[in-house]
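# Observations on the model geometry
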Amino acid sequence: MITEKYQTLARQGIALTEPTIFERSSSERQSFALAPLDVPEYLPSQYRRAQPAELPEVSELQVVRHFTRLSSWNYAIDLGTFPLGSCTMKYNPRINEEIAALAGLAEIHPDLPIPLSQGALEVIFRLENALCSIAGMDACSTQPAAGAHGELTGLLLIRAFHENLGGRRRIVLIPDTAHGTNPASCILAGFEAVTLKSSSDGYLHAETVKQAINLHQRDIAALMMTNPNTLGIFESDIAEIAELIHGIGAQLYMDGANMNAIMGVTQPGKMGVDVMQYNLHKTFSTPHGGGGPGSGPVAVKSHLAPYLPGPRVVKTDTGFGLDYPAQSIGQIKSYFGNFGVLVRALCYIYRHGETGLKEVSRTAVLNANYLKSRLSEYFEVASKTPSLHEAVLTDQRQIKSHGVKTLQIAKSLIDEGFHPPTIYFPLVVPGAMLIEPTETESLEELKELVNALGHIADLIAKGDTQFEQKPHKPVVGKVDEVGATRHPILSLDDRP
Amino acid sequence: MPYRPLTPANEREMLQVIGANSIEDLFASIPPRLREHIAMPLGMDGPTDKQKRGWTEHELRGFFSQLGAKNAHFPEYCHFLGGGIYDNIIPAVVQQLVLRGEFLTCYTPYQPEISQGTLQAIFEFQTMITRLTGMEVANASMYDGATATAEAALMAERIAGKTAGPILLADSLHPDYQNVTQTFLKYHSKPPVSVPFTQQGTLDLEALKQLVIKQNPSALIVGWPNYFGIVESLDEIRLVLPKTCLLIVSITDPSALSLFETPAKLGADIVVGEAHQLGTPMLFGGPHCGFFASKKEFLRQMPGRLAGETTDIRGNRCYALTLSTREQHIRREKATSNICTNQGLIALRTTIYLSLLGKNGFLELGKTNSSLFHYLETELAKMGIKKRFAQSLHYREGVFEVPRLALRFQNAVDRKIVPGIRLAEKVPRFGNRFADSLLIAVHPKHTRRDLDRLVEVLSSDH
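Residues numbered from 1 in each chain as written. Chains lettered and ligands numbered in written order. Predicted model: local features only at pLDDT ≥ 70, side-chain atom pairs only at ≥ 80, totals over all residues.

Here the focus is the overall build of chain B. Per the secondary structure count, chain B includes 16 helices and 15 strands. If one aligns the C-alpha atoms of chain B with their principal axes, the spans along those axes are about 80 × 55 × 50 Å. Considering chain B as a whole, with its 462 residues, one finds that 60% of them fall into the buried category. Restricting the contact set of chain B to residue pairs at least 6 apart, pairs at least 24 apart contribute 72%. (Helix = DSSP H or I, 4+ residues; strand = E, 2+ residues; numbered from the N terminus. Buried ≥ 20, exposed ≤ 12 C-beta atoms within 10 Å, placed from the backbone. Contact = placed C-beta atoms within 7 Å.)

Further remarks concern the overall build of chain A. In terms of helices and strands, chain A carries 15 helices and 13 strands. A globule of 496 residues ought to have a C-alpha radius of gyration of about 23 Å, and chain A, at 25 Å, matches this closely. Seen through its C-alpha atoms, chain A measures out along the principal axes to roughly 75 × 65 × 45 Å. (Rg over C-alpha atoms; globule rule 2.2 N^0.38 Å.)

For the rest of this paragraph, the subject is the interface of chain B and chain A. Between chain B and chain A, the residue contacts involve 164 residues of the former and 174 residues of the latter. Looking at which element gives the most residues to the side of chain B that touches chain A, the answer is helix H13 (residues 344–382) of chain B, with 24 residues. In terms of residue class, the side of chain B that touches chain A is made up of 85 nonpolar, 53 polar and 26 charged. (Nonpolar A, V, L, I, M, F, W, Y, C, P; charged D, E, K, R; others polar.)

What follows covers the sheet that holds strand S4 (residues 193–195) of chain B. Residues and elements named next belong to chain B. Ordered by their spatial adjacency, seven strands build an open sheet running S2-S8-S7-S6-S5-S3-S4, and the pairing between neighbours is mixed. Each edge of the open sheet carries a strand with a single partner, namely strand S2 (137–138) and S4. Relative to strand S6 (residues 247–252), strand S5 (residues 219–224) runs parallel, the two being bridged by six bridges. If you follow alanine 219 over to S6, its bridge partner there is leucine 247. (Pairing = 2+ DSSP bridges.)

Attention shifts here to the environment of methionine 142 of chain B. In this structure, methionine 142 of chain B sits in the loop between S2 and helix H7 (145–160). Its 33 C-beta neighbours within 10 Å are what place methionine 142 of chain B among the buried residues.

With their axes 9 Å apart at the nearest point, helix H11 (residues 339–375) of chain A and helix H1 (residues 8–18) of chain B run at an angle of 45° to one another. In terms of orientation, H11 of chain A and H1 of chain B fall into the oblique class. Judged by the sense of rotation from one axis to the other, the crossing of H11 of chain A with H1 of chain B is left-handed. On the side of H11 of chain A, the interface is formed by Leu366, Asn369, Tyr370, Ser373 and Arg374 of chain A, while H1 of chain B contributes Glu11, Met14, Val17 and Ile18 of chain B. In terms of residue class, the contact of H11 of chain A with H1 of chain B is built from five nonpolar, two polar and two charged. (Axes fitted to C-alpha atoms, helices over the stretch in contact; angles between N-to-C directions. Parallel < 35°, antiparallel > 145°, perpendicular 65-115°, else oblique. Left-handed = near helix turned anticlockwise from the far one by under 90°.)

All names here are of chain B. Most of strand S12 (residues 397–401) sits inside the fold, with four of its five residues counted as buried. Summarising the sheet, strand S11 (residues 386–387) and S12 pair through two bridges and their orientation is antiparallel. Paired with lysine 387 across the strands is phenylalanine 400, a residue of S12.

Counting residues in each nonpolar core, the largest one holds 302 residues, and the members touching the most others are Leu157 and Leu223 of chain A together with Ile221 and Val249 of chain B. With residues up to four places along the chain from it excluded, the contact list for valine 249 of chain B reads Ala152, Ala156, Ala219, Leu220, Ile221, Asp269, Ile270 and Val272 of chain B. (Core = buried A, V, L, I, M, F, W, Y, C linked by C-beta atoms within 7 Å.)

Let us now look at the pairing of strand S11 (residues 391–394) of chain A. Residue and element names in this part refer to chain A. In this structure, strand S10 (residues 380–381) lies alongside S11, joined through two bridges in antiparallel fashion. Looking at S11, one finds that glutamate 380 is bridged to threonine 394. The pairing of S11 with strand S13 (residues 433–435) spans three bridges and is classified as antiparallel. Bridged to leucine 393 within S13 is methionine 433.

With that settled, the discussion passes to the environment of alanine 441 of chain B. Residues and elements named next belong to chain B. Positionally, alanine 441 belongs in strand S15 (residues 437–441). For alanine 441, a count of 27 C-beta atoms within 10 Å translates into the label buried. Considering only alpha carbons, one finds alanine 441 and glycine 229, 212 residues apart in sequence, at a separation of 8.4 Å. If we ignore the near neighbours within four places in the chain, the residues touching alanine 441 are Phe80, Leu81, Gly82, Tyr86, Arg396 and Glu397.

Glancing now at the packing of helix H7 (residues 206–216) of chain A against helix H8 (residues 238–247) of chain A. Residue and element names in this part refer to chain A. Running from N to C, H7 and H8 cross one another at 10°; their axes reach a closest spacing of 9 Å. Relative to H8, the element H7 lies roughly parallel. Considering the relative orientation of H7 and H8, their crossing is right-handed. Of the residues in H8, those touching H7 at Ala206, Val209, Lys210 and Ile213 are Glu240, Ile241 and Leu244.

Quick look at the sheet that holds S12 of chain B now. Across a sheet, strands are paired by hydrogen bonds formed along the backbone, either parallel or antiparallel in direction. On the basis of which strands lie adjacent, the open sheet formed by four strands has the order S11-S12-S15-S14 (chain B) and antiparallel pairing. At either margin of the open sheet sits one strand with a lone partner, and together these are S11 and strand S14 (421–422) of chain B.

Turning next to the environment of arginine 495 of chain A. Residues and elements named next belong to chain A. Positionally, arginine 495 belongs in the segment after helix H15 (481–486). The exposure class of arginine 495 is exposed, given the 10 C-beta atoms found within 10 Å. Measuring from C-alpha to C-alpha, the distance between arginine 495 and leucine 244 comes to 57 Å, with 251 residues separating the pair along the chain.

As a further point, take the confidence of the model for chain B. Mean pLDDT over chain B stands at 95; residues scoring 70 or higher make up 99%. Reported for the predicted complex are a pTM of 0.97 and an ipTM of 0.97. (pLDDT = per-residue confidence, 0-100.)

With that settled, the discussion passes to unusual backbone geometry. Here asparagine 227 of chain A and proline 228 of chain A are connected by a cis peptide whose omega angle stands at -10°. Structurally, proline 228 of chain A is set in the loop between strand S4 (220–226) and H8. The residue after glycine 310 of chain A, namely proline 311 of chain A, is reached through a cis peptide bond having omega 0°. Note on placement: proline 311 of chain A falls in the loop between strand S7 (298–300) and strand S8 (312–316). Positive phi values are uncommon outside glycine, yet tyrosine 335 of chain A reaches one of about 60°. Along the chain, the position of tyrosine 335 of chain A falls in the loop between strand S9 (319–323) and H11. On the neighbour-count criterion, tyrosine 335 of chain A (23 C-beta atoms within 10 Å) is buried. The backbone phi angle of leucine 323 of chain B is positive, close to 55°, even though this residue is not glycine. Assignment of secondary structure puts leucine 323 of chain B in the loop between strand S10 (317–321) and helix H12 (328–331).

Dropping the structure here:
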């Protein structure tokens, strides 16, 4: 029970209304203009557009104000704690932005001749090496543009590996705690996803894998597991599971979404993992940017290296060059991946050094365990099993006492000035609230979050019924998301 | 560790609350043998102790500036590289606005009440893309043009149904886009079939007709303009195709939509492409901004995120992600795609850029590209350097036959000019047919003097 006087962090600030940019438009106004042509004007002879595209006609200041006002309606890491489990919303260091914007790294064309792009190739080469080293893997490709894209790449590598051995295996085993992208990626790679039930203590037990192997035998191409899993629990059977999987010639894929928990402590390579993907926008602090750009490099053991997407950056006598491996699965994205994101990640890694990265994981785990201990006073904890960088709470206590659900708790937290946790995920926990504070939150901020959640729990315990309508404080009230689906208005021209 | 928030006293207090003796104890669930001998050398230069503790901001600036100096870039170098990635002049406002923390450090707008800025910006982006392409619906963006192409192929297959034949891929489509599409379809679908190009670099309509009869294909994917910079006659392609069943997917340069008729009017069903040149630097190939638009009847088969307009509990207009039952976090293995993101910040750059240009500025962009290219090809012709596929309609890029290309290319580089993409190197399967072919593109940074210098260096052996 919160004894000190609780004060919400959320305040009504200055929130200015703003229509769409098109509604600010006035005919023949223009803000940015190219220099007048110094060659004769020439327009194509055929297929000329009859009606120019109706873009907004606004002044530069109108543009600045419009988007600044819009920005003020967003919650962001820069505004406050963002305990969004499995998303690793840590501080995005500004030096990364400065470095990524250097003209020599930003204003470069990917078809530059190799001697004229040595610096860029070196960035990729260095990052791939560092990512291999952190995970204890042998080779890496930075081509995938996001985590799910990396999953697809990894699964295609597994597919190519089996085909090269002359086998066609149908099944990928996936625990029920997995991200939704895992089964979706399987389908795209032409596999069938078979769900494995995790036990009530949150683990995937070797015994469960054994049973699946007995059932499907050499039809199994791979097991795809997230470690630590989406409950924040380290899969302590993983080495044994790896042996079982390898015993039938299958491969172990590890979703590396939660690498923030284990850097410098343990390594997928040591666990028997054959292939994994990183999420640079999680572990290595590249900004989420309201939903991308991400980056999802894959790292593999040497037996899968021949299949990696090409072109590969290689070291040569004269510097760096490109190689197109004969057995490669082919290109998965044009050029070299999200290079600008790679620059930021390398900058982050070198800023921390080996000791610093280890400290990142240690602090992330300390912060998460502190939150779990404190919050267990108010909420049911999903699993008694020790967890690392994130923790799952549930709404079971609140539902039983007063019928208040996770969604309402989450929306209430908005009114206290925080972003809600990830809710109703993992799917195996009813009413889950997945909380991941990351290492960059201070103790003061963690306490503020505890106070806010504690305050909400207290209100529920007192029988407060004001939960249906929340949140009240943001620039808009509770949004009718069902209405948006029923009559989709997806552009201004769809408005009735 | 930089960005460290905890003091030693904090750590003691927290461990006490947890009931642990040390941070190491918190990792006890990891079997000890998996924690032994963990080293992760990061490949940094300089003394070991500095590598361990990491570099300062100042050291990072020095290191990365040196790497950047090894890459050819403006203003020291002038380049004529294109092939789907185009240099452009970016107004200062774009970079300043996207660096606002509320855009940079926010999350996917799953909580609409605290993400209205991002959501409204996506809604404006979708509106701009539909107006540019003439299509009815557009999504919140894809990784890039190549993956948008692959996703369009998958979508076309879903629409055409299981009984339909393979995807047809124009051989004149960007080679990377072809490769990526093939990788995506490899284990999922029938292998795509290639449609050759004619002596004029355009889609071979005769071959297309035959393929349609023999293979019952589900869709045709064609570059517009294609990799040779040629604006294909989409309307004529439409005419040789059966009215129903076969979808046309136009892989579109969005800047061409300033001058040319919309692919929608010319008969395309799905229009996708790469929009990075509208506000985002080349970035050595990414992060860029794939866009994805189609007819409304195909909406439920679309991949990716969509923002829609709705109301809040007070009756005010607002926005939310919508139709997410297509997506992987709801549908898992039954989703329309495994995609779990868009290119939020890059799509925002596009939206800001197009707002700054407006209707007239966007027209000027197209006019500038078209005029610079026409001047360049005229001047090159005067010096005897012929444009290949000369009878075809070009916009801002074309293939030129340069005598003794290797020598002249190197001469240009020595003068800090990168004159274009050598097709024989970029697309080895083209082989000797393209031995002296150079793909040359113009962009708004070029001045007449830049073009004159290029003509001079390409028309002589010295």
